[in-house]
Amino acid sequence: MTDTESFREFVAARGLALSRTAFLLTGDHGHAEDLLQETLVKAAAKWRKVATVGDPEAYVRKIMLNQLRTWRRPRRLTIFPTADLPESPAHEDQATQTELKIMLRNALGLLSPKQRIVLYLRFYEDLPEAEVAARLDCSVGTVKRHAHDALKRLRTVAPQLLERMHP
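The text that follows walks through the structure, step by step, so that each part is easy to find.

Conventions used here
Residues numbered from 1 in each chain as written. Predicted model: local features only at pLDDT ≥ 70, side-chain atom pairs only at ≥ 80, totals over all residues. Heavy atoms only, no water. Helix = DSSP H or I, 4+ residues; strand = E, 2+ residues; numbered from the N terminus. Buried < 20%, exposed > 50% of the residue type's maximum accessible area, 1.4 Å probe, protein only. Contact = heavy atoms within 4.5 Å. Expected span 1.5 Å × (residues − 1). Phe/Tyr/Trp six-rings, centres within 6.5 Å; stacked < 30°, edge-to-face > 60°. Core = buried A, V, L, I, M, F, W, Y, C linked by side-chain atoms within 4.5 Å.

Here's the deal with the overall build of the chain
Scanning the chain from terminus to terminus reveals nine helices and zero strands. Put simply, the chain runs from its N terminus to its C terminus through helices and strands in the order α-α-α-α-α-α-α-α-α. Here the chain, with 167 residues, has 34% of them falling under the buried criterion. Residue pairs in contact within the chain that sit at least 24 positions apart in sequence constitute 66% of those at least 6 positions apart.

Observations concerning helix H6 (residues 113–124)
With twelve residues, H6 extends 15 Å between its outermost C-alpha atoms, agreeing within 8% with the 16 Å of an ideal straight helix rising 1.5 Å per residue. Within the sequence span of H6, burial applies to Gln115, Arg116, Ile117, Val118, Leu119, Tyr120, Leu121 and Arg122. The elements touched by buried residues of H6 are helix H1 (3–26), helix H4 (56–70), helix H5 (94–109), helix H7 (129–136) and helix H8 (140–157). Of the residues one or two after H6, Asp126 is the one with positive phi, at around 60 degrees.

Quick look at the environment of Ala44
Mapping Ala44 onto the fold places it in helix H2 (residues 29–45). Classification of Ala44 by relative accessible area gives partly exposed; the value is 36%. Sequence separation between Ala44 and Thr4 is 40 residues, and the spatial gap between their C-alpha atoms is 8.0 Å.

Some words on the packing of aromatic side chains
Summed over the entire model, instances satisfying the criterion amount to three aromatic pairs. Taking 5.0 Å as the distance between ring centres and 40 degrees as the angle between the ring planes, the aromatic pair formed by Phe10 and Trp47 counts as tilted. Taken together, the residues Phe10 in helix H1 and Trp47 in helix H3 (residues 47–52) connect sequence positions 37 residues apart. Just as Phe10 is buried, Trp47 falls in that class too. A centroid spacing of 5.3 Å and a plane angle of 25 degrees characterise the contact between Tyr120 and Tyr124, whose relative ring orientation is stacked. In this pair, Tyr120 and Tyr124 both sit in helix H6, four residues apart, roughly one turn of the helix. Following the ring pairs from residue to residue traces out a cluster consisting of Phe7, Phe10 and Trp47.

Comments concerning the nonpolar core
The biggest cluster of nonpolar side chains holds 28 residues, and the ones touching the most others in it are Leu18, Leu25, Val60, Met64, Ile117, Leu121 and Val132. Mapped onto this core, the elements with two or more residues apiece are H1, H2, H3, H4, H6, H7 and H8. Those residues within four positions of Val132 in sequence are excluded, and the remaining contacts are Val118, Leu121, Arg122, Leu127 and Val143. With nine residues, the next largest nonpolar core counts Met103, Leu119, Leu154 and Ala158 among its residues.

So, the environment of Ile102
With respect to the helices, strands and loops of the structure, Ile102 is situated in helix H5. Residue Ile102 is classed as partly exposed on the basis of its relative accessible area, which comes to 36%. As for Ile102 and Gly27, which are separated by 75 residues in sequence, their C-alpha atoms are 9.8 Å apart.

Interpretation note: all reported values are geometric properties and have no functional meaning in isolation.
Okay, here's the thing in structure tokens:
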């Protein structure tokens, strides 16, 4: 199998998961597509090396994280303030779920890229602090500080999310 065929097979198998990761890191579909495309271009350029490592997907995710940290374009989401949310019904409907997703996306958009990366790795990838620190080439204390600051900011800008989790 050639390198091109191997790369295409990898993208076909793991492209959707990588796309979800890019969206979680950026909070925007357009930015996620850009991030994924730039990541795959870099991975394709050195696919022979990437394919020989133990876990090519982890290597590609590392490229994605590094690419996100180097972006210089503004990544702010547009925030649409709303009045207080109505009391939640006993049964969560689709509109309420969508409203919560929008609220979470807007709140995440207020975080710095490093804070979003730390939250993603800690709570979505479920990695221990030491592993997050190793992936980001920083200290465990820095990871703890970014996570603490990010969660504090989320509690401040979107307390409704906590109320939904702990009524």
